[in-house]
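Examining the three-dimensional arrangement
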Amino acid sequence: GRFALVVALVTALAATQIFPFLEFLPHSHRDSGFAGGEWSLPGTGWGNFLLPLFLCHETSAGVFMQADQSVVPSYYPGIGVTVLAVAAVLFAPDRRAKLLGALTLVCVILALGPNSPWYAWLREVFPPLGLMRYPVKFVFLTMLTLPLLCAFAVRELTATDAGARRPRWRVTAGLAATALVLLVGLLLYAAHFPQEASDRAATLANGATRGVLLVLMAVALWRAVEGAAGQARVLAGGAFLLLLWADLATHTPTPTP
């Protein structure tokens, strides 16, 4: 009942835009075959969830963009958020976390557009999808699901049962180590196979900063839960939040609004 009420309220709030749009749509030049696959995430676009400048070039305005799409300058949620989001899917008992994880994966796959076979299949099954231009727009929803998944993981890592926390910490530490290895791999790939007009020095500095921040976030979160008490625990928690913000604030040299 609460879920239905939320849907009804959102529909009512958006009605002044949605209903005129639906009235206008049949009179427009768009149909189910209107949209192509231009401006999709490249096949390597998953790497930008860990390394924001991966295979990006700098525009004349100083903004870094991917070579194959110019809609979304960045969809980087923070490397710590990404690691904790994956951790939540693995060990959070709440079924909502599994649902959010599945939704995130579907959005990333569909954002690939023609770089994924699933997008063409879905357009055949659901032709109205062809009304929407630029498959990269599917990545917008991940900016909602990933922070929610991160919150699920933090809740499990701060559970009162110390025995239940230990295996979750091991999983999280393993994921953080895996993220660091992948980060190094992405940097090596970007160095050996650079895109035209890409800045290898900026990419290297960007990746090194992400790695340092991830290590500091892991230490701060552990101190806030396991390794400190009293005021020190509060300070460690505050440091963790500050590091999350610093990661987003510095992830690209020229952030767009």
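Right above here is the structure, for reference.
As the structure is a prediction and not an experimental result, all values here were calculated from the model.

**Some thoughts on the pattern of salt bridges**
What the rule picks out here adds up to six salt bridges. The salt bridge involving Arg165 is made with Glu226; its shortest N-O contact spans 2.6 Å. Pair noted here: Arg165 is in helix 6 (residues 162–192) and Glu226 is in helix 7 (residues 200–227), with a separation of 61 residues, a long-range link. With relative accessibility at 31%, the residue Glu226 sits in the partly exposed group. For Asp247, the salt bridge goes to Arg210, with nearest N and O atoms at 2.6 Å. A residue pair is termed long-range when its members are at least 10 positions apart, and Asp247 in helix 8 (residues 231–249) and Arg210 in helix 7 qualify at 37 residues. Each of the two residues, Asp247 as well as Arg210, counts as buried. Through salt bridges with shared partners, a single ionic network connects Asp94, Arg96, Arg155, Glu156 and Arg168.

**Digging into the nonpolar core**
Leu41, Ile79, Leu84, Val139, Met217, Leu221 and Phe240 are the most contacted members of the largest nonpolar core, which totals 53 residues. Listed by contribution, the elements that provide at least two residues to this core are helix 2 (79–91), helix 3 (95–111), helix 5 (142–157), helix 6, helix 7 and helix 8. Sequence-distant contacts of Ile79, defined by excluding residues within four places in its chain, comprise Phe49, Leu50, Leu183, Arg210, Leu214, Met217 and Asp247.

**Digging into the packing of aromatic side chains**
Counted by the stated rule, this structure contains five aromatic pairs. Pairwise contacts between aromatic rings join Phe54, Tyr189 and Phe193 into one cluster.

**As for helix 2**
The first and last C-alpha atoms of helix 2 sit 19 Å apart over 13 residues, in line with the 18 Å expected at 1.5 Å per residue. Counting buried positions along helix 2 gives ten out of 13 residues, so the element sits mostly inside the fold. On its buried face, helix 2 sits against helix 3, helix 5, helix 6, helix 7 and helix 8.

**Observations regarding the side chain of Thr172**
Mapped onto the elements of the fold, Thr172 is located in helix 6. Dropping the residues within four chain positions of it, Thr172 is found in contact with Val83, Leu84, Ala87, Phe91 and Leu157.

Calculation notes
Residues numbered from 1 in each chain as written. Predicted model: local features only at pLDDT ≥ 70, side-chain atom pairs only at ≥ 80, totals over all residues. Heavy atoms only, no water. Salt bridge = Lys/Arg side-chain N within 4 Å of Asp/Glu carboxyl O. Helix = DSSP H or I, 4+ residues; strand = E, 2+ residues; numbered from the N terminus. Buried < 20%, exposed > 50% of the residue type's maximum accessible area, 1.4 Å probe, protein only. Core = buried A, V, L, I, M, F, W, Y, C linked by side-chain atoms within 4.5 Å. Contact = heavy atoms within 4.5 Å. Phe/Tyr/Trp six-rings, centres within 6.5 Å; stacked < 30°, edge-to-face > 60°. Expected span 1.5 Å × (residues − 1).

That is the geometry; function is a separate question.
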